[in-house]
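Spelled out, the chains give:
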Amino acid sequence: MQLKIFFLLFIILIMFVTHEKIYASSDQILITISPSIEQVIFDGKWTNTLEWKQSSHNQIEYDDQTVIHIRTAHFNEYMYVFIDYISNKQSNNLLDSSTICLDGKNNKNNIPDADDFCFSVSLGQKQGEIFQGNNTSNMIKISNPSDFIAISNISDENDRYSTIPHPSFEFKIPIKLIERSDNYGFYLYVYDADSNIFYSWPQDLSNENMSRISSPNIWGNIISPDKSLPEFNTPIIIFIMMISFIILAQQSSKLKILRRFQT
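Summarised in this report is the structure supplied together with it. Just so we're clear, the structure is a prediction, and the values are computed from it rather than from any experiment.

Conventions adopted
- Residues numbered from 1 in each chain as written.
- Predicted model: local features only at pLDDT ≥ 70, side-chain atom pairs only at ≥ 80, totals over all residues.
- Heavy atoms only, no water.
- Helix = DSSP H or I, 4+ residues; strand = E, 2+ residues; numbered from the N terminus.
- Buried < 20%, exposed > 50% of the residue type's maximum accessible area, 1.4 Å probe, protein only.
- Contact = heavy atoms within 4.5 Å.
- Areas by Shrake-Rupley, 256 points an atom, 1.4 Å probe, with all protein chains shown as cover.
- Lys, Arg positive; Asp, Glu negative; His and termini not counted.
- Salt bridge = Lys/Arg side-chain N within 4 Å of Asp/Glu carboxyl O.
- Pairing = 2+ DSSP bridges.
- Core = buried A, V, L, I, M, F, W, Y, C linked by side-chain atoms within 4.5 Å.
- Phe/Tyr/Trp six-rings, centres within 6.5 Å; stacked < 30°, edge-to-face > 60°.
- Lys NZ or Arg CZ within 6 Å of the ring centre and 35° of its normal.
- Polar contact = N/O pair within 3.5 Å; in protein donor to acceptor, adjacent residues only side chain to side chain.

1. Focus on the overall build of the protein
Across its full length, the protein carries three helices and 14 strands. Here the protein holds 263 residues, and 47% of them are scored as buried. If you take every contact in the protein between residues at least 6 apart in sequence, the share linking residues at least 24 apart comes to 62%. Carbon and sulfur atoms provide 56% of the accessible area of the protein, an area that totals close to 13,800 Å².

Shown next as structure tokens:
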């Protein structure tokens, strides 16, 4: 009887992991753990060609041939995001901008609530702004934590994707603000002042009226596939459970043999 229960629990575990992988196949950006990311020099651009190399990379392409590169990583108490808007060749200081939003609970609400945060910085700024949801259609500006960084600059010859000068944006976000999770709601847009166009991710939000942040229920996801962001690891848990299953199964078999000899 015990063996049947253990076997059933094992099957349920496998089904859970399979479901998790299916869920992770929707619109998503992956984020990786990277100890070297602490060495980033926050000057709003690639300080050298290796600076953001140890991070996840996503390239977003739009119908008008616009290309944006996104680098993401996390380590210890911070999430790091780099937005490289290589298609913007007509930079407008203090007008071009980038905003990233995170839904801490990823509950996909219709309107931003207290666990929804947006981080914004304009080209040429040395510090950005943070906005928090308040259960209305408009998010409110809040005070910046002392360890929050958002800075933007014009790229130079060190940029890995284009040597033509263009805006780029660096963010260092305290995880304590959004709380630890392996799956956040994620939304991004950049504003090109010269063409007066917004480019967003998910892409189906591009060029809509950006007078307010789009509803979190249509944001994408940013996922830590190895579960390293919340500091636990699913493969390790599965391994431990499998070992426990084997040990318990062996003990159950020994008990059955012992009972046979006793009878």
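2. Examining the environment of Phe-198
For Phe-198, the location among the structural elements is in strand 13 (residues 197-201). Along the chain, Phe-198 and Asp-96 lie 102 residues apart, while their C-alpha atoms are 9.8 Å from each other.

3. Things to note about the side chain of Lys-172
Its place among the elements puts Lys-172 in strand 11 (residues 167-174). Comment: no salt bridge for buried Lys-172; closest opposite-charge side chain is Glu-38, at 6.9 Å. Setting aside residues up to four positions removed in sequence, Lys-172 forms contacts with Phe-42, Tyr-78, Met-79, Tyr-80, Asp-147, Phe-148 and Ile-149.

4. Focus on unusual backbone geometry
Here the bond from Trp-201 into Pro-202 is cis, since omega is 0°, no more than 30 degrees from zero. Among the structural elements, Pro-202 can be located in the loop between strand 13 and strand 14 (220-223). Phi is positive for Asn-135, which is not a glycine, with a value near 65°. For Asn-135, the location among the structural elements is in the loop between strand 8 (129-132) and strand 9 (140-142).

5. Side note on the pairing of strand 4 (residues 67-75)
Most of strand 4 sits out of view: nine of its nine residues are buried. With burial as the criterion, each face of strand 4 is covered, one bearing Val-67, His-69, Arg-71, Ala-73 and Phe-75 and the other bearing Ile-68, Ile-70, Thr-72 and His-74. Strand direction decides the pairing type here: strand 2 (residues 32-33) and strand 4, joined by two bridges, are parallel. Note that in strand 4 the partner of Thr-32 across the bridge is Ala-73. Pairing geometry for strand 3 (residues 56-61) and strand 4, over six bridges, is antiparallel. Paired with Gln-59 across the bridge in strand 4 is His-69.

6. Looking at the nonpolar core
Met-79, Ile-83, Ile-100, Leu-102, Phe-119, Phe-171 and Leu-188 are the most contacted members of the largest nonpolar core, which has 31 residues in total. Those elements that provide at least two residues to this core are strand 4, strand 5 (78-84), strand 6 (97-103), strand 7 (116-122), strand 11, helix 2 (175-178), strand 12 (183-192) and strand 13. The residues touching Ile-83, leaving out its near neighbours within four places in the chain, are Ile-68, His-69, Ile-70, Ser-98, Ile-100, Pro-167, Ser-168, Phe-169, Phe-171, Leu-188 and Val-190. By size, the runner-up hydrophobic cluster in this structure holds ten residues, among which are Tyr-189, Ala-193, Ile-213 and Trp-219.

7. A closer look at the packing of aromatic side chains
Where two aromatic rings form a pair, the distance of their centres and the angle of their planes describe that pair. Enumeration according to the criterion identifies 13 aromatic pairs in this entry. Ring centres of Trp-52 and Phe-82 lie 5.3 Å apart, and the angle between their planes is 40°; this geometry places the pair in the tilted category. Residue Trp-52 is found in the loop between strand 2 and strand 3, and its partner Phe-82 is found in strand 5; the two are separated by 30 residues along the sequence. Both residues of the pair, Trp-52 and Phe-82, belong to the buried class. Within the aromatic cluster, the residues linked to one another by ring pairs are Tyr-187, Tyr-189, Tyr-191, Phe-198 and Trp-219. In this structure, Lys-172 packs its charged tip against the face of Tyr-78, placed 4.3 Å from the ring centre.

8. With respect to the pattern of salt bridges
All told, the structure shown has four salt bridges when counted by the stated rule. Asp-156 is paired through a salt bridge with Lys-45; the nearest N and O atoms lie 2.9 Å apart. Of this pair, Asp-156 sits in the loop between strand 10 (149-154) and strand 11 while Lys-45 sits in the loop between strand 2 and strand 3; the two residues are 111 residues apart in sequence, bridging distant segments of the chain. For Lys-141, the salt bridge is made with Glu-129, and the minimal N-O distance between the two is 3.0 Å. Taken as a pair, Lys-141 in strand 9 and Glu-129 in strand 8 lie far apart in primary sequence, twelve residues in all. Residue Lys-141 is classed as exposed on the basis of its relative accessible area, which comes to 53%. On the accessibility criterion, Glu-129 (29% relative accessible area) is partly exposed.

9. Comments concerning the environment of Gln-59
Positionally, Gln-59 belongs in strand 3. Once the C-alpha coordinates of Gln-59 and His-69 are considered, the two residues, ten residues apart in sequence, prove to be 4.6 Å apart. Leaving out residues up to four positions away in the same chain, Gln-59 has contacts with Val-67, Ile-68 and His-69. Side chain to side chain, Gln-59 and Glu-61 meet in a polar contact 2.5 Å long.

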